[in-house]
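# An overview of the molecular structure
The primary structure of each chain is shown beneath.
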Amino acid sequence: LYIFKDQIVGMVLDEVNSKLKQPIQTKEVGLTFWSTFPNLEVDLKEVYLQSALPYSEATDTLLFTNHLYLKFSPFDLFDGNYEVKSIHISPGKAKLHVNNKGEANYEILKPTDDSEDDFLLKLNAITFEQFDVTYQNDLTHQHIETTLEKVDFTGNFSEKEYDLR
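Residues numbered from 1 in each chain as written. Predicted model: local features only at pLDDT ≥ 70, side-chain atom pairs only at ≥ 80, totals over all residues. Heavy atoms only, no water.

### A short note on the pairing of strand β5 (residues 125–137)
Across ten bridges, the pairing between strand β4 (residues 86–98) and β5 is parallel. Bridge pairing in β5 places His 88 opposite Thr 127. Relative to strand β6 (residues 142–154), β5 runs antiparallel, the two sharing twelve bridges. Residue pairing across strands places Phe 128 opposite Val 151, the latter belonging to β6. Here β5 folds back onto β6, and the loop between the two strands holds four residues, one of which, His 141, carries a positive phi near 55°. (Pairing = 2+ DSSP bridges. Helix = DSSP H or I, 4+ residues; strand = E, 2+ residues; numbered from the N terminus.)

Structure representation (structure tokens):
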């Protein structure tokens, strides 16, 4: 796996960015196998995601985190199945914003055809640790700030309707 590290990392980043309105920017990417056996983990370091609003500028932050870990089955990856088993984000911050037109900066996925497999939503667990969240809604005049010490979400996110736990 380490021989193909650059290819695996490139494949993962290309696939993720192909589904997003704004590409993920990262300073460094690591690959872990033995400590996450039998899974493969891609560690994106110093990750920045720009706001998804059409008029946003490069300095309009939607998400920043020191580490974003994506866990995969290595066998699935080599078979062309890009199912993310889990995402772990720690520490970081998100600035969620709904403008006065009702447009949300967190609607980051490009529209897809229903018959198309959706790489990012085929996961069953998301964990946030030491994560600051700011929510600003200009329509409802709401402003909320909180820090998540540790939050785990589980569910089948690939379904149109699902139970979130």
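We are not done yet, so read on.
### A look at the pattern of salt bridges
Between side chains of opposite charge, a pair can form as their charged atoms come close. All told, the structure shown has two salt bridges when counted by the stated rule. Residue Glu 15 pairs with Lys 19 through a salt bridge whose shortest N-O separation is 3.9 Å. Here Lys 19 and Glu 15 lie together in helix α1 (residues 5–19), a separation of four residues that amounts to about one turn. Lys 19 gets classed as buried once you look at its relative accessible area, which sits at 10%. Notably, a salt bridge pairs Lys 45 with Glu 28, separated by 3.7 Å at the nearest N-O pair. Highlighted residues: Lys 45 in strand β2 (residues 40–50) and Glu 28 in strand β1 (residues 25–32), separated in sequence by 17 residues. The class of Lys 45 is partly exposed, set by a relative accessible area of 25%. (Salt bridge = Lys/Arg side-chain N within 4 Å of Asp/Glu carboxyl O. Buried < 20%, exposed > 50% of the residue type's maximum accessible area, 1.4 Å probe, protein only.)

### Things to note about unusual backbone geometry
The amide bond that connects Phe 37 to the next residue, Pro 38, takes the cis arrangement and shows omega of 10°. If you check the backbone angles, Glu 46 has positive phi at about 50° while not being a glycine. In this structure, Glu 46 sits in strand β2. Overall, the relative accessible area of 39% leaves Glu 46 in the partly exposed class. Its identity as a non-glycine residue notwithstanding, Gln 130 has a phi of 45°, on the positive side. Since its relative accessible area comes to 48%, Gln 130 is described here as partly exposed.

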